[in-house]
Amino acid sequence: MPELATFTAGALAVLTVLALLSVLSAFPQKPSKRTFIYRSETGDGISSMETETIARAAQQAARHSSEISDAEIRISGKAQHPVLYARYTLRVESRALDGMNLIRETLIPDLEQALGSQFVEKHISIDFLPRKAEPSNKITLSV
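Residues numbered from 1 in each chain as written. Predicted model: local features only at pLDDT ≥ 70, side-chain atom pairs only at ≥ 80, totals over all residues. Heavy atoms only, no water.

Caption draft 1: The environment of K122, seen in detail. If you trace the backbone, K122 turns up in strand β5 (residues 121-128). Between the alpha carbons of K122 and Y85 there is a distance of 6.3 Å; along the sequence they are 37 residues apart. With residues up to four places along the chain from it excluded, the contact list for K122 reads L84, I108 and E112. (Helix = DSSP H or I, 4+ residues; strand = E, 2+ residues; numbered from the N terminus. Contact = heavy atoms within 4.5 Å.)

Caption draft 2: Molecular detail of the packing of aromatic side chains. What the rule picks out here adds up to zero aromatic pairs. R74 extends its terminal NZ or CZ atom over the ring of Y85, reaching a point 4.4 Å from the ring centre. (Phe/Tyr/Trp six-rings, centres within 6.5 Å; stacked < 30°, edge-to-face > 60°. Lys NZ or Arg CZ within 6 Å of the ring centre and 35° of its normal.)

Caption draft 3: The arrangement of the pattern of salt bridges in detail. Overall, the coordinates contain six salt bridges when judged by the stated rule. The salt bridge involving R63 is made with D70; its shortest N-O contact spans 3.0 Å. Between E112 and K122 there is a salt bridge, with the nearest N and O atoms lying 3.6 Å from each other. Here the residue E112 occupies a position in helix α3 (residues 96-115), and K122 occupies one in strand β5, the gap between them amounting to ten residues. (Salt bridge = Lys/Arg side-chain N within 4 Å of Asp/Glu carboxyl O.)

Caption draft 4: Representation of α3. With 20 residues, α3 ought to run about 28 Å at 1.5 Å a step, and its terminal C-alpha atoms sit 27 Å apart, in line with that. At I103, α3 shows its maximal bend, which comes to roughly 35 degrees. (Expected span 1.5 Å × (residues − 1). Bend = angle between axes of the 7 residues up to and from the residue.)

Caption draft 5: Spotlight on a nonpolar patch on the surface. Side chains of L97, M100 and F128 sit close together on the surface and give an oily, nonpolar patch of about 290 Å² of accessible area. Looking at the element boundaries, L97 is found in helix α3. (Patch = residues over 30% accessible without salt bridge, like charges linked within 9 Å, V, L, I, M, F, W, Y side chains within 5 Å. Areas by Shrake-Rupley, 256 points an atom, 1.4 Å probe, with all protein chains shown as cover.)

Caption draft 6: Looking closely at the nonpolar core. Core analysis: the largest hydrophobic core is formed by 19 residues, its most contacted members being I68, I73, Y88 and L111. When contributions to this core are tallied by element, the ones reaching two or more residues are α2 (51-63), β3 (68-77), β4 (82-90) and α3. If one sorts the elements of this core by residue count, α3 sits on top with six residues. Excluding residues within four positions of it along the chain, Y88 makes contact with A62, I68, D70, A71, I73, I103, L107, I108, I124, S125, I126 and D127. (Core = buried A, V, L, I, M, F, W, Y, C linked by side-chain atoms within 4.5 Å. Buried < 20%, exposed > 50% of the residue type's maximum accessible area, 1.4 Å probe, protein only.)

Caption draft 7: Region of interest: the sheet that holds β5. With respect to topology, three strands assemble into an open sheet ordered β3-β4-β5, the strand pairing being mixed. In this open sheet, the two strands that pair with only one neighbour each are β3 and β5. Across this sheet, the average inter-strand angle for adjacent strands is 10 degrees, counted without regard to direction. As defined by bridge partners, β4 adjoins β5 across eight bridges and the pair is classed as parallel. Looking across to β5, one finds that Y88 is bridged to I126. (Pairing = 2+ DSSP bridges. Axes fitted to C-alpha atoms, helices over the stretch in contact; angles between N-to-C directions.)

Caption draft 8: A look at the confidence of the model for the chain. Summary statistics for the chain give a mean pLDDT of 74 and a share of 66% for residues scoring 70 or more. At the low end of the mean pLDDT range in the chain sits strand β1 (residues 37-42), at 51; at the high end sits β4, at 90. Segment residues 30-36: pLDDT under 50, and 16 contacts once partners within four positions in sequence are set aside and those in other chains are kept. In the predicted structure, residues 136-143 sits below a pLDDT of 50 and forms zero contacts with residues beyond four places in sequence or in another chain. (pLDDT = per-residue confidence, 0-100.)

Caption draft 9: Quick look at the environment of E72. If you trace the backbone, E72 turns up in strand β3. As a C-alpha pair, E72 and Q59 span 13 residues in sequence and 6.2 Å in three-dimensional space. Not counting residues within four places of it along the chain, the set of residues in contact with E72 comprises Q59, Y85, A86 and R87.

Below you can see the structure in the form of structure tokens.
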């Protein structure tokens, strides 16, 4: 008989844990404050995409350009009034002016076109990847 009581108590504990997990998973999850759903109405219907997905695609596009080595992009705000936070790192071998023109004239307008509205604020940082010092260019200080 003690074995039956132990088995019953164990089964009851497992069922309680499973019931608790199912109740917790039923609560609606709050979306991130920085993510809104982009909706586009075309002749084919309505398509929707999270801004995080659009930002990742914009990062990949920037990284595949000849002037930019890295990009970090985040979109926040509301669907009608998006805000852009972007950091681009230019390649060592690229000309700075070409990289800045690419960002200003191509990458950001393409991102606005994908969202269907212009950014109300743009917080953009452009870093320049420094050249690595050659061993002969190193300075040694001795005291």
